[in-house]
Amino acid sequence: MTTESKPARSGIIKPRVKGIRKLFTHQAFRRWVQLGFAAFITYVTIIHVAAGEESSNITASPEAYCPFGGLETLYKYASSGGSFVSHTHLSNLVVAIAVLVVALLLRSAFCGWICPLGSIQDLFHSFSARLQKRFIPVRKFFRVLAQRGNKAWAFLDKYLRLLKYGVLAWAVTGAAVAGVMVFRDYDPWSALINIAEWSLTPGLVVLGLTLTGSFFVERPWCRYACPLGAVSGLLGKLSPVYIKREAEACTSCKICTKSCPMGLQVHTATKITSVDCISCLECVGDCPRQGAMEVKIGIPLISK
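As the structure is a computational prediction, the values presented were derived from the model and not from experiment.

Visitor: Lay out the sheet that holds strand S2 (residues 271-272) with the relevant residues and their values.
Guide: If you trace the 3 strands from one edge of the open sheet to the other, you get S2-S1-S3, paired in antiparallel fashion. Every interior strand has two partners, whereas the edge strands, S2 and strand S3 (293-297), have only one. Across 2 bridges, strand S1 (residues 241-245) lies against S2 in antiparallel orientation. When the sheet's bridge partners are listed, Lys244 is paired in S2 with Lys271.

Visitor: I'd like to hear about the packing of helix H1 (residues 26-51) against helix H6 (residues 116-134), residue by residue, with values.
Guide: Relative placement of two packed helices is described by the angle separating their axes and the distance separating the axes. Two numbers describe how H1 lies on H6: the axes approach to 9 Å, and their chain directions differ by 120°. By the angle between their directions, the pair H1 and H6 is classed as oblique. The two elements H1 and H6 cross, and the hand of that crossing is left-handed. On the side of H1, the interface is formed by Arg30, Arg31, Gln34, Phe37, Ala38 and Ile41, while H6 contributes Pro116, Ser119 and Asp122. For the contact of H1 with H6, the class distribution of residues is 4 nonpolar, 2 polar and 3 charged.

Visitor: Outline a nonpolar patch on the surface, listing residues and values.
Guide: A grouping of Ile97, Val101, Leu104, Leu105, Leu106 and Leu238 is seen on the molecular surface, where their side chains present a nonpolar patch of about 560 Å² in accessible area. When you line up the elements, Ile97 lands in helix H4 (residues 90-106).

Rules of the game
- Residues numbered from 1 in each chain as written.
- Predicted model: local features only at pLDDT ≥ 70, side-chain atom pairs only at ≥ 80, totals over all residues.
- Heavy atoms only, no water.
- Pairing = 2+ DSSP bridges.
- Helix = DSSP H or I, 4+ residues; strand = E, 2+ residues; numbered from the N terminus.
- Axes fitted to C-alpha atoms, helices over the stretch in contact; angles between N-to-C directions.
- Parallel < 35°, antiparallel > 145°, perpendicular 65-115°, else oblique.
- Left-handed = near helix turned anticlockwise from the far one by under 90°.
- Contact = heavy atoms within 4.5 Å.
- Nonpolar A, V, L, I, M, F, W, Y, C, P; charged D, E, K, R; others polar.
- Patch = residues over 30% accessible without salt bridge, like charges linked within 9 Å, V, L, I, M, F, W, Y side chains within 5 Å.
- Areas by Shrake-Rupley, 256 points an atom, 1.4 Å probe, with all protein chains shown as cover.
- Salt bridge = Lys/Arg side-chain N within 4 Å of Asp/Glu carboxyl O.

Structure follows, in structure tokens:
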């Protein structure tokens with residue numbers, strides 16, 4: 001009796017990138033871009049703090065580079081003929097427009113490549129992964145935590161992701177009605193760049209929770225509460241750029257899903273067009289099969 005062999009799946013296994021060649025991967029390039037923007041904001045913050053009371057006349061506040069400030073002040077700027085909500089500037093509008101244009105072209109690439117708060121969350125989660133790898137008690141703790149909470153967390157995760165749209169509506173509407181940045185006191189980014197003031201604020205508490213949460217979940221702020229990410233994700237649905245998983249080359253190894261910092265089920269999708277995708281391309285870079293994950297340009301379709 002003879003048995004027929006199963007046809008081999010198409011797709012060539014990618015060679016593992018080792019040594020100095022790792023510095024020339026797109027993942028390494030993304031890290032350098034993140035580091036560059038984080039260093040710039042850090043420099044601006046230090047110069048601003050060092051200038052003290054005269055800082056407004058010498059240097060720009062790091063808040064002047066926050067794109068969400070542009071969305072918060074947009075209504076007042078348009079309705080009053082050029083006035084701004086406090087703590088915002090024309091530069092906020094310019095940066096906001098730039099981020100929205102990026103979203104239309106490349107989805108939420110700003111979140112995945114530029115946002116310093118996202119970079120810090122990546123750093124904290126990477127540190128957590130290293131601890132789990134090097135220390136057995138830490139690894140066992142996370143393993144038990146995952147086994148006991150996976151089902152419950154998967155249920156909560158689905159609905160917690162909607163929270164950022166509520167934050168967006170509250171922040172933008174509140175700024176338009178009250179004429180002040182109602183979100184600023186709770187904004188972890190504002191707390192981070194003003195941390196030199198050493199004052200306990202709701203934003204500092206949110207920042208602490210975000211960084212603590214980053215040890216357990218990748219990018220918790222981005223997933224569940226970032227209003228700028230909500231806007232970028234919604235506009236990104238109009239982008240012609242998307243990631244496609246070629247089912248014929250895919251072996252369903254789930255490496256793409258494991259590498260996704262936003263916890264998307266990449267290995268089950270045909271087209272990755274989720275509003276939560278931050279265009280980091282980690283799934284493309286980590287996929288072991290040549291041609292299984294590709295960046296495409298075309299008319300995007302809604303897929304799960």
